[in-house]
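So the chains spell out like this:
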Amino acid sequence: LVLKASSGYTGLFGKITSTAIVKNLTLTNCSSPTFTQSTQKGTGILVGLNEGTISNCHVNNSSITTENKNSNDVGAIAGLNSNKIINSSVTGTKLTSEKSKLGAITGYLYGGEIINCYSYNNITSGNSSYKGGISGYATDGTITNCYVYSNSSVEGQMIGEGKNTTINYSYY
């Protein structure tokens with residue numbers, strides 16, 4: 001899978017809505033060209049914006065790069081997550097951005113949940129202020145029973161920065 005840039009949400013699925021379920025999917029050796037669009041929103045290898053449920057989905061040995069200083073949320077599973085990501089993982093993946101919320105599972109956890117997920121041996125790089133093993137930035141979200149192992153260049157092992165976010169039974 002080679003991702004193509006769009007002016008909206010970018011990923012295998014650009015956006016999944018509140019009634020949608022994506023499950024039992026593994027993406028391996030995916031890549032992106034260097035995204036440079038100025039109007040880019042959520043960017044993920046699997047989905048740009050998740051408003052539904054993602055379950056048992058995995059991204060392995062992949063990469064995604066954004067150069068635009070106005071890029072927003074970048075993650076391997078979802079660029080922006082406002083609902084649920086369950087039983088999913090990211091391994092051996094490189095995420096690079098110059099100014100984004102950058103996380104292995106999701107770039108931005110906004111009022112959603114991440115449950116039973118893990119991030120293993122991933123690299124985040126670039127000048128992004130918010131880099132995390134699970135989520136780059138989190139607001140009003142919940143992370144439960146997740147773990148991060150052997151990630152490099154992250155600001156925070158679980159989340160780069162967050163507010164009003166609960167982390168339960170998780171470790172790094």
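Everything numeric here is computed off the predicted structure, so don't read it as measured data.

(A) Structural view of unusual backbone geometry. Positive phi outside glycine occurs at Asn-24, with the angle close to 55°. Mapped onto the fold, Asn-24 is located in strand S2 (residues 21-28). In this structure, Asn-61 takes a positive phi of about 50° despite not being glycine. Among the structural elements, Asn-61 can be located in the loop between strand S6 (53-60) and strand S7 (63-66).

(B) Structural context of the sheet that holds strand S4 (residues 43-44). Strand order in the open sheet formed by four strands is S4-S8-S13-S18, with parallel pairing between adjacent strands. In this open sheet, the two strands that pair with only one neighbour each are S4 and strand S18 (130-132).

(C) Spatial organisation of the packing of aromatic side chains. Overall, the coordinates contain six aromatic pairs when judged by the stated rule. Between Tyr-130 and Tyr-137, the aromatic rings sit 5.0 Å apart at their centres with planes inclined by 70°, giving edge-to-face as the arrangement. Connected via pairs of aromatic rings, a cluster forms that spans Tyr-108, Tyr-110, Tyr-130 and Tyr-137. Over the ring of Tyr-108 we find Lys-101; its NZ or CZ atom is 4.8 Å from the centre of that ring.

(D) Representation of the side chain of Thr-139. Looking at the element boundaries, Thr-139 is found in strand S19 (residues 135-139). Only 3.2 Å separates the side chain of Thr-139 from the side chain of Tyr-108, close enough to count as a polar contact. With residues near it in sequence (within four places) discarded, Thr-139 still touches Tyr-108, Leu-109, Tyr-110, Gly-111, Lys-163 and Thr-165.

Parameters and conventions
Residues numbered from 1 in each chain as written. Predicted model: local features only at pLDDT ≥ 70, side-chain atom pairs only at ≥ 80, totals over all residues. Heavy atoms only, no water. Helix = DSSP H or I, 4+ residues; strand = E, 2+ residues; numbered from the N terminus. Pairing = 2+ DSSP bridges. Phe/Tyr/Trp six-rings, centres within 6.5 Å; stacked < 30°, edge-to-face > 60°. Lys NZ or Arg CZ within 6 Å of the ring centre and 35° of its normal. Polar contact = N/O pair within 3.5 Å; in protein donor to acceptor, adjacent residues only side chain to side chain. Contact = heavy atoms within 4.5 Å.

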